[in-house]
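Next come the chains, spelled out residue by residue.
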Amino acid sequence: FSHEYPCHSPLERRWFHCMIAAVEDQGTRGAAVLHFDVTEQKLREERNSLRLASLDATPYPVFTTDAQGLIDWANPAFEALFGLAVADYVGQHPARLESPGNVVGFASLIQQARQGAALAQAELRLVAAGGRTITVIETAKQIHSAFCGE
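Residues numbered from 1 in each chain as written. Predicted model: local features only at pLDDT ≥ 70, side-chain atom pairs only at ≥ 80, totals over all residues. Heavy atoms only, no water.

(A) Seen up close, the nonpolar core. Ranked by internal contacts, the top residues of the largest apolar core, which has 20 residues, are Phe 78, Phe 82, Leu 97, Leu 124 and Leu 126. Elements with a minimum of two residues in this core: strand S5 (71-74), helix H2 (76-82), helix H3 (106-114), strand S6 (120-127) and strand S7 (133-140). Among the elements that make up this core, the one with the highest residue count is S6 (four residues). If near-sequence neighbours (up to four positions away) are discounted, Leu 124 is found in contact with Asn 102, Val 104, Gly 105, Phe 106, Leu 109, Ile 134, Thr 135, Val 136 and Glu 138. (Core = buried A, V, L, I, M, F, W, Y, C linked by side-chain atoms within 4.5 Å. Buried < 20%, exposed > 50% of the residue type's maximum accessible area, 1.4 Å probe, protein only. Helix = DSSP H or I, 4+ residues; strand = E, 2+ residues; numbered from the N terminus. Contact = heavy atoms within 4.5 Å.)

(B) The environment of Gly 130, seen in detail. Within the fold, Gly 130 resides in the loop between S6 and S7. Assessed through its relative accessible area of 88%, Gly 130 is described here as exposed. Taking the C-alpha atoms as reference, Gly 130 lies 8.3 Å from Phe 82; in sequence the two are 48 residues apart.

And the structure:
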């Protein structure tokens, strides 16, 4: 049996995870009980949910990439601008969005962010819905460690 539950006090929000397993030793039956405080994890999850909701609500296109630099999430504004569902982009390199002739592209921005640039920016020409070319100021920042380090 495993169960996670809130156990708030008047002054503090807390969550716990309880695991119970049956045990038997020389004909005697009992249970092993493990009880963990998972408050920090739950608070981190709440903060990340708020961040995600904020990114979903912004009118500016936003996407994230995984460790290989492939798109793994994008907000509704991204879908609206490029005219395709996020599922069509997941697992693809952002360079797929680029118009030919960019001096600096997504690969370069991602590399700069990985190498510790506070903020990597470049003007890029992208191909949006309907094949029209748009010019954007693209920004890349490595944020994974910031979220995981809380």
